[in-house]
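Structural features, examined
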Amino acid sequence: MWRKVRICVNPVMASAPIAPYSISSPLTNSSNQNASRESLKMEPLADVMLLPGEERVTDKDIIYICPFNAAVKGKVFITNYRLYFKNTDSETPITLNVPLGVISRVEKMGGASSRGENSYGLEITCKDMRNLRFALKQEGHSRRDIFDLLFKYAFPLSNGMQLFAFLSQEKYEENGWNVYEALEEYRRQGLPNSEWRVTFINRNYELCDTYPTILVVPYKASEEDLRRVASFRSRCRIPVLSWFHKENHAVITRCSQPLVGMSGKRNKDDERYLDIIREANGTTKLTIYDARPNVNAVANKATGGGYEADDAYQSAELVFLDIHNIHVMRESLKKLKDIVYPNVEESHWLSSLESTHWLEHIKLVLSGAIQVADKVSSGSSVVVHCSDGWDRTAQLTSLAMLMLDSYYRTLRGFQRIGHGDKNHADQDRSPIFLQFIDCVWQMTKQFPTAFEFNERLLVVILDHLYSCRFGTFLYNCESARESNNVRGKTVSLWSFVNSDTSLYTNPFYTPESSRVLYPVASMRHLELWVTYYIRWNPRIHHQQQSPVEQRYKELLALRDQYVKKLEELQLSDSSHLTNSSTPNAATPNQHITHLQTPF
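As the structure is a prediction and not an experimental result, all values here were calculated from the model.

1. Thoughts on the nonpolar core
- The biggest cluster of nonpolar side chains holds 109 residues, and the ones touching the most others in it are Leu 336, Phe 414 and Tyr 533.
- If one sorts the elements of this core by residue count, helix α9 (residues 358–377) sits on top with ten residues.
- Contact partners of Leu 336, with chain neighbours within four places excluded, come to Met 129, Leu 353, Thr 356, Trp 358, Leu 528 and Tyr 533.
- Core analysis: the second largest hydrophobic core is formed by 38 residues, Ile 214, Val 229, Cys 255 and Ala 312 among them.

Rendered as structure tokens:
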């Protein structure tokens, strides 16, 4: 029997499997390691590369209880960033490369009196759809040292240590923190203008501590109006602009629920403010999209929240999108993990997948975003909110912007889109961001030529969501990131991505500036993202790149070679004709035909 003792859960962002390193050094003993580490007699491992700022901590002989290949003897190496395992007892290499932050829970398995082979060891629960089991010898408390070190470095904040992102010394040519500048992005959209203005009322986070310092609000709304509206919105998250349609001047605004309560309170300033949003582009009705199911919105009245009633907001139309809360989503992801790891049951696959309701939730999120995009495209402004105005609100507004604005479908533009959400502690962690990326992937499958970036970018983003290698996904809001000086002390994920954009480029991309994407949000057209959710199973054959995509890339490379050669020949011919001293030089100008090779 395995006796489980729950030890801890990771209270902060952690990590996931990482992409190939751009800067690395051999994994050898660091010169500044103290005597206690040297006494562990760590062995070098030439095929593992350290990141700048990464240090070796310990190594130990161990048995990995591989769910696909039974028990495997090997050695585990722990650094201040990752856990690395390599087998030593078979010709077929078996390795694990797990950044420590991806660990959400560590459990001791078995005890000193446990019987049975490999019944004493550790079980590690990860945030990337897998669990890891390791067995050790029972004599002499052999797991104590590795457990203590794993606990210390996997949960650094709980042990008075820094997150690895603040220790990393990676350097890149481009500073990824400069990819998004709020004022620059608003100018790209055509703001400010006669209808919308930029306000700095939240400069010191006094209006709303979870909003950024730069906000775009209706031109006709005064600073005092904003303060009065904030008092009637949950967590003071007033309706602010996310996106502006240059042609019809319709907007996407986002906020939190109104504080109506059981007594049905009203606020004339809030009602007038939403009417000003409606009047900005002259629409007859402002559409309010409440992401919650109707019953949940009604229930929130008991805690002081609620929704915009028809009698109070007469110039607005309220639509509930029936997207469930984080508790339902978390349970759905747990069920999905149960059916994809470690084994996939082929005989009951479709019914098992259906029972998780995962694709159902993806459908509802996509469907809601389609409704938002369609309403704005037709010229009507919208307000989007859920309870507190994060999670589901961020999903819907970001996806709608992706459908409406082709710039966000470029590699650079996607780095600007507002896909931040409320990052919860591990015990409350919700797969909101994962769902967002899943929805983007579904769109790339339905529109294979509309996105400049490929699937690899989406996987890398998810791999680093909890990696703590970069500061991009640390902390809940701008004020927290500013107080911890994330921009100054950590590296941005976009520095890494933009150091080699060829890895993330879709060869089929065809720019179409005015095209609005309307994906089909039906169960018949949605797929499980196998190359992400089931990637750890070696029995599931994954092709990271389709043969067609690979061949197309080869043809593009061949075309570039021919074009380069042609340019060299033309340059050579031009130079020869210019410098010619033969009698023929006086003859009429010779015309050089510039050839273009279409592909």
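2. Focus: the UniProt feature "binding site: substrate" (unreviewed entry) in the protein
- Sequence positions flagged by UniProt for "binding site: substrate" (unreviewed entry) are, in local numbering, Asn 325, Ile 326, Cys 386, Ser 387, Asp 388, Gly 389, Trp 390, Asp 391 and Arg 392. These residues run over 68 residues, yet every pair of their C-alpha atoms falls within 13.0 Å of each other.
- In this fold, Asn 325 is placed in the loop between β16 (316–320) and α7 (326–340).
- Among residues more than four places away in sequence, those in contact with Asn 325 are Asn 296 and Arg 392.
- Within polar-contact distance, the side chain of Asn 325 engages the backbone nitrogen of Val 328 at 3.2 Å.
- Look at Ser 387 and you get buried, because its relative accessible area is 16%.

3. Comments concerning the packing of aromatic side chains
- Within the structure shown, the criterion is met by 21 aromatic pairs.
- Judged by centre distance (5.2 Å) and plane angle (80°), the ring pair of Tyr 532 and Tyr 533 falls under edge-to-face. For the residue pair Tyr 532 and Tyr 533, the accessibility class agrees, reading buried in each case.
- An aromatic cluster is built from Phe 414, Phe 433, Phe 436, Phe 451, Phe 453 and Phe 473, whose rings are joined through pairwise contacts.
- Note that Lys 127 overlies the ring of Tyr 466, its terminal NZ or CZ placed 4.6 Å from the centroid.
- In this structure, Arg 130 packs its charged tip against the face of Trp 536, placed 3.7 Å from the ring centre.

4. A word on the sheet that holds strand β15 (residues 286–290)
- Spatially, β13-β14-β17-β15-β16 is the arrangement adopted by the five strands of the open sheet, whose pairing is mixed. Edge positions in the sheet fall to β13 (240–244) and β16, since each of these pairs with one other strand and no more. Adjacent strand axes in the sheet meet at a mean angle of 25° when their direction is disregarded.
- Bridge analysis of β13 against strand β14 (residues 251–254) gives four bridges, and the strand direction is antiparallel. Its bridge partner lying in β14, Trp 243 is registered against Ile 252.

5. So, helix α5 (residues 268–279)
- When the terminal C-alpha atoms of α5 are compared, their 16 Å separation across twelve residues agrees well with the 16 Å that a helix rising 1.5 Å per residue should span.
- Taken as a whole, α5 has its buried residues at Asp 270, Glu 271, Tyr 273, Leu 274, Asp 275, Ile 276, Ile 277 and Arg 278.
- Against β11 (196–199), β12 (215–218), α4 (223–230), β14 and β15 lie the buried residues of α5.

6. Some words on the side chain of Asp 270
- Residue placement: Asp 270 occurs in helix α5.
- Among residues more than four places away in sequence, those in contact with Asp 270 are Val 229, Phe 232, Arg 233 and Tyr 313.

7. Observations concerning the pairing of strand β8 (residues 103–109)
- Along β8, five of the seven residues are buried, which leaves the element largely enclosed by surrounding structure.
- Inspection of the sheet shows β8 paired to strand β9 (residues 121–126) by six bridges, in the antiparallel sense. Residue pairing for β9: Val 106 is matched across the bridge by Ile 124.

Cut-offs applied
Residues numbered from 1 in each chain as written. Predicted model: local features only at pLDDT ≥ 70, side-chain atom pairs only at ≥ 80, totals over all residues. Heavy atoms only, no water. Core = buried A, V, L, I, M, F, W, Y, C linked by side-chain atoms within 4.5 Å. Buried < 20%, exposed > 50% of the residue type's maximum accessible area, 1.4 Å probe, protein only. Helix = DSSP H or I, 4+ residues; strand = E, 2+ residues; numbered from the N terminus. Contact = heavy atoms within 4.5 Å. UniProt positions renumbered as here; feature names shortened; annotations may be inferred. Polar contact = N/O pair within 3.5 Å; in protein donor to acceptor, adjacent residues only side chain to side chain. Phe/Tyr/Trp six-rings, centres within 6.5 Å; stacked < 30°, edge-to-face > 60°. Lys NZ or Arg CZ within 6 Å of the ring centre and 35° of its normal. Pairing = 2+ DSSP bridges. Axes fitted to C-alpha atoms, helices over the stretch in contact; angles between N-to-C directions. Expected span 1.5 Å × (residues − 1).

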